[in-house]
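Chains, contacts and geometry: an overview
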Amino acid sequence: ASASKLEWRERSTSTNDELAALVRSEPSSAWPEFSVLATDVQTAGRGRLGRVWTAPDGTMLAVSVLLRPTSAGIRSADALGWLPLLAGLAMSRALRILGATTELKWPNDVLIAGRKVCGILCEVVDDDAVIVGSGVNLTLSSTDLPVPTATSLLLEGAAHDADAVLAAYLSELRSLYEAFGAASGDAVVGGIKDAVSADCSTLGKSVRVELPGADTLSGVARSLDDDGRLVVDVDGRLTAVAAGDVTHLRY
Ligand code: ATP
């Protein structure tokens, strides 16, 4: 396989959007797995469900990684349930190496001391291209925080150099993804389910899961099922919720 690319941009509207456009417009041989587009100035970052992801210029690392799960022998259903969690775990581990005490909030956030330091956005580009985007708050000050539930590596006293975060994250992501691929996307066999569960502070907590429309589900988060869904105990009845169906998850 050809070497993967790492493109650093001085600025980007959205690293997910720009990488997706490149992947769509050029032959797949030009964009092998683990091609990366990154910036620290993102002008139109997105969260899930059209929500906005913002940070002052130069204070946040936005990094998008191209994966080709089908080529790696992973069924798309397995990929979609687990890749956001796998990316979150990779970021959680990377930030821990840099001195932060991190935890995973299912389905797509990395927290420090209960506040969001990183959000993950996985998007399907085509049958064999998934883009895993992350936004990591590096140096936002307390007055820069877009929402009171956010924090940054600087505020938490951890190392916050963009290159160091990028290198640690890509290395953790690669080894987790290789284990997942070697297990053909079986998260149990690949050890991914146990590894994610161990880092996931959502488990054991009382949660309120907001679903599309006005529906909510209140109960205790018990475990992850084999598809990466959150199993919630609502008065003794177990219900599995898929990330794609959740609009908000609150503790
Ligand atoms: P929620 O946290 O509300 O349950 P979510 O975790 O799924 O939702 P995303 O859609 O992943 O949220 O991210 C978008 C949300 O993140 C925004 O609505 C905003 O509240 C918050 N946000 C935006 N920019 C940042 C940032 N730099 N750091 C932390 N949080 C941010």
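Structure shown above.
Residues numbered from 1 in each chain as written. Predicted model: local features only at pLDDT ≥ 70, side-chain atom pairs only at ≥ 80, totals over all residues. Heavy atoms only, no water.

1. What to know about the packing of aromatic side chains
- Scanning all chains against the criterion turns up one aromatic pair.
- Here Phe34 and Tyr177 contribute two aromatic rings whose centre-to-centre distance is 5.8 Å and whose plane-to-plane angle is 70°, an arrangement assigned as edge-to-face. With Phe34 in the loop between α1 (15-25) and β2 (36-39) and Tyr177 in helix α3 (residues 162-182), the pair connects residues that are 143 residues apart, well separated along the chain. Considered together, Phe34 and Tyr177 belong to a single accessibility category, that of buried residues. (Phe/Tyr/Trp six-rings, centres within 6.5 Å; stacked < 30°, edge-to-face > 60°. Helix = DSSP H or I, 4+ residues; strand = E, 2+ residues; numbered from the N terminus. Buried < 20%, exposed > 50% of the residue type's maximum accessible area, 1.4 Å probe, protein only.)

2. Notes on the environment of Pro69
- Inspection of the secondary structure puts Pro69 in the loop between β5 (60-67) and α2 (76-97).
- With relative accessibility at 3%, the residue Pro69 sits in the buried group.
- Between the C-alpha atom of Pro69 and that of Leu83, which follows or precedes it by 14 residues, the distance is 9.4 Å.
- Aside from chain neighbours lying at most four places away, what touches Pro69 is Glu33, Ile74, Ala79, Leu83, Asp128, Val130 and Tyr177. (Contact = heavy atoms within 4.5 Å.)

3. Section: the site of the ligand
- Taken together, 17 residues lie near the ligand, and Arg48, Thr54, Asp109, Asn137 and His248 sit nearest.
- A distance of 3.1 Å is found between an oxygen atom of the ligand and a side-chain nitrogen or oxygen belonging to Asn108.
- For the ligand, the accessible surface in isolation is 620 Å², of which the surrounding protein chains cover 87%.
- Contributions of two or more residues to the shell around the ligand are made by β4 (52-53) and β14 (248-250). (Near = heavy atom within 4 Å. Polar contact = N/O pair within 3.5 Å; in protein donor to acceptor, adjacent residues only side chain to side chain. Areas by Shrake-Rupley, 256 points an atom, 1.4 Å probe, with all protein chains shown as cover.)

4. Observations concerning the nonpolar core
- Ranked by size, the top nonpolar core spans 60 residues in total, and within it Leu95, Leu153 and Tyr169 carry the most contacts.
- Residue contributions to this core peak at eleven residues, all from α2.
- Formed jointly, this core draws a minimum of three residues from each of two domains, domain 1 (6-199) and domain 2 (206-250). (Core = buried A, V, L, I, M, F, W, Y, C linked by side-chain atoms within 4.5 Å. Domains from an automatic or database assignment.)

5. Notes on the sheet that holds strand β1 (residues 6-9)
- One open sheet accounts for seven strands, arranged β1-β2-β5-β9-β8-β7-β6; its pairing is mixed. Each end of this open sheet is capped by a strand with a single partner; those strands are β1 and β6 (102-105). Direction aside, neighbouring strands of the sheet carry axes that sit 20° apart on average.
- As defined by bridge partners, β1 adjoins β2 across four bridges and the pair is classed as parallel. Along β2, the bridge assignment pairs Glu7 with Leu37.
- Together, β1, β2, β5, β8 (115-126) and β9 (129-137) form the strand contacts of α1, whose direction differs from that of β5 by roughly 30°. (Pairing = 2+ DSSP bridges. Axes fitted to C-alpha atoms, helices over the stretch in contact; angles between N-to-C directions.)

6. Thoughts on the sheet that holds strand β12 (residues 230-234)
- The antiparallel open sheet is built from five strands, whose spatial order is β13-β12-β11-β10-β14. The open sheet has two edge strands, β13 (237-241) and β14, and neither has a second partner. Recorded for the sheet is a direction-independent mean angle of 40° between the axes of neighbouring strands.

7. Some points on the pairing of strand β7 (residues 109-112)
- A two-sided burial pattern is seen for β7, the buried positions comprising Asp109 and Leu111 on one face and Val110 and Ile112 on the other.
- Alignment of β6 against β7, held across four bridges, turns out to be antiparallel. Across the sheet, the residue bridging to Leu104 is Val110, located in β7.
- The antiparallel pairing of β6 with β7 creates a hairpin that spans three residues between the two strands.
- Where β7 meets β8, four bridges bridge the pair, whose relative direction is antiparallel. Directly across from Ile112, in β8, lies its bridge partner Arg115.
- Counting the residues that bridge the hairpin from β7 to β8 gives two residues, and of these Ala113 lies at a positive phi of roughly 50°.

8. Overview of unusual backbone geometry
- Cis rather than trans, the peptide bond between Trp106 and Pro107 has omega equal to 0°.
- Considering the arrangement of structural elements, one finds Pro107 in the loop between β6 and β7.
- With a phi close to 75°, Phe34 is a non-glycine residue in the positive phi region.
- By relative accessible area, Phe34 is classed as buried at 6%.

9. Focus: the pairing of β5
- Judged by how many residues are buried, β5 sits mostly within the fold: eight of eight residues are covered.
- Taking every second residue as pointing to the same face, both faces of β5 are buried, with Met60, Ala62, Ser64 and Leu66 on one and Leu61, Val63, Val65 and Leu67 on the other.
- Both β2 and β5 contribute to a ladder of four bridges, which runs antiparallel. Across the sheet, residue Ala38 finds its bridge partner in β5, namely Val63.

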